[in-house]
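Now for the letters of each chain:
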Amino acid sequence: MDSQKKLIGAALTFVVLLGVALYVVKERGDSNEVTEDSVPELPTLDRDAITALVITTPVDEGEPVPVRLERDGDHWRVAGPVQADADQSAVNTALDKLMDLEITGIAAQNASSHEQLEVSDDKGIRVQVVAGEETVMTILVGAFRSRNTMVRLAGEDTVLSVSGSIKYAFNKELKDWRNRRVLDEEPSDVVAIRFQSENGDYAFQRSDEEAWVQLEPEGAEDYAPIERFGPTKVQSIVSSVARLRAVNFGAEGMSPTDGGFEPPSGTVTLTVQETPEAPEAEEGEEPAAAPAPGPPRTIVLLP
């Protein structure tokens, strides 16, 4: 009799636990099972038809400001909140991730999970995809979990998991969407450089042996050769300046005076002499001589 009572008790306990588990699953609405009927479809995107992206990244304080990126032919520009050239690589990476969205499962089906999965309206990165005058898709990009990224179609409760890490492609400040190139010259084309400031006036020129030598600056009042002069130091500076990139940008409408450029604290002058390459010869023809170099260009930077 005792063993029969224990068996009945165990059966009742199992039924109760099963009921609790089913209730919890029903309340949470979470499921990782993927079936054709259960998984919402993401809109099909035509990359060539996309004309704009509007990306809104959450902020700790205040209201987030959307960044609008617009296509201009084969080029992309920042159209808001400022007008500027866009970082083409950053935009193309974002487009790549949008085109490669691969649903791997359903992470949640209940709105109560949105905050935890970082796809709530105040935590998710809102990505609006525009083709012409029509918004073809708006998603909220959230947390990265178990090699998948959580995403949610705006206005829907269901949270989808998509393959891989995609959040980094959209989680950017305004400055990271802008083209930060200040100079984009080949360091080997820089044949002379001059530094002028209150600390001195120094000029250098690339010799025929490709080494840097110090020159007496034209019009300099006080010239003295640099002791233990190191040509490699000049080359290192030239390489950095020729590929100069901005770290950040001044506020829109900032005047040169506000930026500290009037009067300038100094100047860096680069002389650039591009060396044209010889055209490729057709099979069986003698290689053609390279065209004569064009006139040198002067670039002046105001530090």
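In this text, all values refer to a predicted model and were calculated from it rather than measured experimentally. (Residues numbered from 1 in each chain as written. Predicted model: local features only at pLDDT ≥ 70, side-chain atom pairs only at ≥ 80, totals over all residues. Heavy atoms only, no water.)

A. Quick look at the overall build of the protein. A tally of helices and strands in the protein yields 4 helices and 14 strands. Burial analysis of the protein (303 residues in total) assigns 31% to the buried set. Across the protein, contacts joining residues at least 24 apart in sequence account for 59% of those joining residues at least 6 apart. When the accessible surface of the protein is summed, it comes to about 19600 Å², and 49% of that surface belongs to carbon and sulfur atoms. (Helix = DSSP H or I, 4+ residues; strand = E, 2+ residues; numbered from the N terminus. Buried < 20%, exposed > 50% of the residue type's maximum accessible area, 1.4 Å probe, protein only. Contact = heavy atoms within 4.5 Å. Areas by Shrake-Rupley, 256 points an atom, 1.4 Å probe, with all protein chains shown as cover.)

B. Structural detail: empty space enclosed by the protein. What the rule picks out here adds up to 1 cavity of 30 Å³ or more. For the largest cavity, the calculated volume is near 40 Å³. If you trace the largest cavity, you find it lined by Pro40, Arg152, Leu153, Glu156, Thr158 and Leu160. Grouping the amino acids of the lining of the largest cavity by side-chain chemistry returns 3 nonpolar, 1 polar and 2 charged. (1 Å grid on protein atoms, 1.4 Å probe; cavity = no way out; pocket = protein on both sides within 12 Å on 5 of 7 lines; lining within 4 Å. Points joined across faces, edges and corners; volume = space filled by probe spheres on them. Nonpolar A, V, L, I, M, F, W, Y, C, P; charged D, E, K, R; others polar.)

C. Geometry of the side chain of Thr56. Structurally, Thr56 is set in strand E1 (residues 52-56). Once you skip the residues sitting within four places of it in the chain, Thr56 turns out to touch Pro64, Pro66, Gly124, Ile125 and Arg126.

D. Spotlight on the pattern of salt bridges. Inspection of the entire model under this criterion finds 14 salt bridges. Among the ionic pairs, Glu118 bridges to Lys167, the shortest N-O distance being 3.0 Å. Remark: Lys167 occurs in the loop between strand E9 (159-163) and helix H3 (174-177) and Glu118 occurs in the loop between strand E5 (103-108) and strand E6 (125-131); sequence separation between them is 49 residues. Residue Lys167 is classed as partly exposed on the basis of its relative accessible area, which comes to 22%. Here Asp184 makes a salt bridge to Arg245, at a shortest N to O gap of 3.3 Å. On the criterion of sequence distance, the pair formed by Asp184 in the loop between H3 and strand E10 (190-197) and Arg245 in the loop between helix H4 (231-242) and strand E13 (266-272) is long-range, its members being 61 residues apart. Connected via shared salt-bridge partners are Arg181, Asp184, Glu186, Arg243 and Arg245. (Salt bridge = Lys/Arg side-chain N within 4 Å of Asp/Glu carboxyl O.)

E. Focus on H4. Here H4 contains 12 residues, and its C-alpha end-to-end distance of 16 Å stays within 8% of the 16 Å for a straight helix at 1.5 Å per residue. Here the buried face of H4 lies against E10, strand E11 (200-206), strand E12 (212-215), E13 and strand E14 (297-301). (Expected span 1.5 Å × (residues − 1).)

F. Region of the structure containing the sheet that holds E13. Overall, antiparallel pairing links the 5 strands, which are arranged E12-E11-E10-E13-E14 in an open sheet. With one partner strand each, in any of the chains shown, E12 and E14 form the two edges of the open sheet. Strand-to-strand twist of the sheet, defined as the mean angle between neighbouring strand axes without regard to direction, takes the value 20 degrees. As judged from the 7 bridges shared by E10 and E13, these two strands associate in the antiparallel manner. Paired with Arg194 across the bridge in E13 is Thr269. The strands that H4 touches are E10, E11, E12, E13 and E14; relative to E10, the one it contacts most, it runs at about 90 degrees. (Pairing = 2+ DSSP bridges. Axes fitted to C-alpha atoms, helices over the stretch in contact; angles between N-to-C directions.)

G. Main features of a negative patch on the surface. On the surface, Glu277, Glu280, Glu282, Glu283 and Glu285 cluster together to form a negatively charged patch. In this structure, Glu277 sits in the loop between E13 and E14. (Patch = residues over 30% accessible without salt bridge, like charges linked within 9 Å, V, L, I, M, F, W, Y side chains within 5 Å. Lys, Arg positive; Asp, Glu negative; His and termini not counted. Charge placed at Lys NZ, Arg CZ, Asp CG, Glu CD.)

H. Highlighting the packing of aromatic side chains. Applying the stated criterion across every chain, the model contains 2 aromatic pairs. Look at Phe195 and Phe204: their rings are 6.2 Å apart centre to centre, the planes differ by 65 degrees, and that puts the pair in the edge-to-face class. For Phe204, a relative accessible area of 5% puts it in the buried group. Relative to Phe229, the ring of Phe204 lies with its centre 5.5 Å away and its plane at 5 degrees, an arrangement referred to as stacked. Of this pair, Phe204 sits in strand E11 while Phe229 sits in the loop between E12 and H4, placing them 25 residues apart in sequence. In this structure Phe229 comes out as partly exposed when scored by relative accessible area, which is 26%. Put simply, the rings of Phe195, Phe204 and Phe229 touch in pairs and so form one group of aromatic residues. Geometry around Trp177 places Lys172 over its ring, the cationic atom sitting 5.8 Å from the centre. Between Arg178 and the ring centre of Phe249, over which it is positioned, the NZ or CZ distance is 3.7 Å. (Phe/Tyr/Trp six-rings, centres within 6.5 Å; stacked < 30°, edge-to-face > 60°. Lys NZ or Arg CZ within 6 Å of the ring centre and 35° of its normal.)

I. Summary view of the confidence of the model for the protein. Chain-level pLDDT for the protein is 86 on average; 85% of the residues reach the 70-or-more range. Throughout residues 14-18 the model reports pLDDT below 50, and contacts reaching past four residues in sequence, or to other chains, amount to 0 contacts. A low-confidence stretch, residues 20-33 stays under pLDDT 50, and its non-local contacts, those more than four residues away or across chains, total 18 contacts. (pLDDT = per-residue confidence, 0-100.)

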